[in-house]
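Residue-level listing of the chains:
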Amino acid sequence: MKNKNQKLAIIFPGIGYHVDKPLLYYARKIVTSLGYTCICVSYPDLSKEEIKNRLQESIQRIMKQVEEQLSDVVDTNQPQELLFISKSIGSVVSAEYRKRHNLKVPQVIYTPIQETLTYGIENAIVFHGTNDSWCNTEDLKEVCVKNNVSLQLLENANHSLEIEDVIINIEYLKKIMETTKSYLEKEF
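Residues numbered from 1 in each chain as written. Predicted model: local features only at pLDDT ≥ 70, side-chain atom pairs only at ≥ 80, totals over all residues. Heavy atoms only, no water.

Caption draft 1: Spotlight on the overall build of the protein chain. If you tally the helices and strands in the protein chain, you get 6 helices and 6 strands. Each helix and strand of the protein chain, ordered N terminal to C terminal, gives the series β-α-β-α-α-β-α-β-β-α-β-α. Relative to its length of 188 residues, the protein chain is compact, with a C-alpha radius of gyration of 16 Å against a globular reference of 16 Å. When the backbone C-alpha atoms are referred to their principal axes, the protein chain occupies close to 45 × 40 × 35 Å. Here the protein chain holds 188 residues, and the buried ones make up 48% of them. (Helix = DSSP H or I, 4+ residues; strand = E, 2+ residues; numbered from the N terminus. Rg over C-alpha atoms; globule rule 2.2 N^0.38 Å. Buried < 20%, exposed > 50% of the residue type's maximum accessible area, 1.4 Å probe, protein only.)

Caption draft 2: Spotlight on a nonpolar patch on the surface. Residues Val166, Ile167 and Ile170 make up a contiguous nonpolar surface patch of about 300 Å² in total accessible area. One can find isoleucine 170 in helix H6 (residues 166–187). Given a relative accessible area of 53%, isoleucine 170 falls into the exposed group. (Patch = residues over 30% accessible without salt bridge, like charges linked within 9 Å, V, L, I, M, F, W, Y side chains within 5 Å. Areas by Shrake-Rupley, 256 points an atom, 1.4 Å probe, with all protein chains shown as cover. Salt bridge = Lys/Arg side-chain N within 4 Å of Asp/Glu carboxyl O.)

Caption draft 3: Up close: the pairing of strand S5 (residues 124–129). Burial of S5 is extensive: 6 of the 6 residues sit out of reach of the surface. Both strand S4 (residues 107–112) and S5 contribute to a ladder of 4 bridges, which runs parallel. Its bridge partner being in S5, glutamine 107 is matched across the sheet by alanine 124. Where S5 lies against strand S6 (residues 150–154), 5 bridges are found, and the strand directions are parallel. Opposite isoleucine 125, over in S6, you have serine 150 as the bridge partner. Handedness of the S5-helix H5 (residues 137–146)-S6 crossover: right-handed. (Pairing = 2+ DSSP bridges. Right-handed = clockwise from strand over helix to strand, strands pointing away.)

Caption draft 4: Representation of the sheet that holds S6. Overall, parallel pairing links the 6 strands, which are arranged S2-S1-S3-S4-S5-S6 in an open sheet. Both outer strands of the open sheet, strand S2 (37–40) and S6, are each paired with one neighbouring strand and no more. Here the average twist between neighbouring strands, direction ignored, is 15°. (Axes fitted to C-alpha atoms, helices over the stretch in contact; angles between N-to-C directions.)

Caption draft 5: Fine view of the packing of helix H3 (residues 55–70) against helix H4 (residues 89–101). As a packed pair, H3 and H4 sit with axes 10 Å apart at the nearest point and diverge in direction by 65°. For the pair H3 and H4, the sense of crossing is right-handed. Between H3 and H4, the contacting residues are Leu55, Ile59, Gln60, Ile62, Met63, Val66, Glu67 and Leu70 on the first element and Ile89, Val92, Val93, Glu96, Tyr97, Arg100 and His101 on the second. Residue classes in the contact of H3 with H4 are distributed as 10 nonpolar, 2 polar and 3 charged. (Left-handed = near helix turned anticlockwise from the far one by under 90°. Contact = heavy atoms within 4.5 Å. Nonpolar A, V, L, I, M, F, W, Y, C, P; charged D, E, K, R; others polar.)

Caption draft 6: Up close: the packing of aromatic side chains. What the rule picks out here adds up to 4 aromatic pairs. Centroid distance tyrosine 25 to tyrosine 26: 4.9 Å. Interplanar angle 85°. Geometry classified as edge-to-face. Judged by its relative accessible area of 31%, tyrosine 25 is partly exposed. On the accessibility criterion, tyrosine 26 (39% relative accessible area) is partly exposed. (Phe/Tyr/Trp six-rings, centres within 6.5 Å; stacked < 30°, edge-to-face > 60°.)

Caption draft 7: Seen up close, empty space enclosed by the protein. If you walk through the whole model with that rule in mind, you get 1 cavity of 30 Å³ or more. The calculated volume of the largest cavity comes to roughly 40 Å³. Together, Phe127, Gln152, Leu153, Leu154, Lys175, Ile176 and Thr179 line the largest cavity. The set of elements that each furnish at least two residues to the lining of the largest cavity consists of S6 and H6. The residue makeup of the lining of the largest cavity, split by class, is 4 nonpolar, 2 polar and 1 charged. (1 Å grid on protein atoms, 1.4 Å probe; cavity = no way out; pocket = protein on both sides within 12 Å on 5 of 7 lines; lining within 4 Å. Points joined across faces, edges and corners; volume = space filled by probe spheres on them.)

Structure representation (structure tokens):
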């Protein structure tokens, strides 16, 4: 059943970083408080090694499943207020979905991977740790500046936007969620 005239937040998780982990869990809480219905997509079983070694093949496998999941949810012919929230490989999946359906959807992107940059990033806020081995910080900065996208850098944070100190991680998470909420309230 299509959700007409509804505010929908589509959540594109990572591999191994599912929707109940902190970034996506609290992002869902924020968008729900702003009146969105959350739709969380899921992917076929893939390992991080498969993603690294066969990225394009993995993305196509994921896209097949995502297209099926969203076929009864997203209706590009009806008014819907869409928001995409993605983490890691989800940033590529959401970019591919936007491209296939010619959508201009606002985005919250947590830790994009390098492949995401080939799609360009627009109409978004991006969070990235400077010790994230899945995406080059300088390349990401360049794309964000070129497209006038807000880039939030967390010093020494990894691909989960964490460091070794759990207390600092909690402070980072608070800052990330405050910034996410502020961005969404300003945009909408």
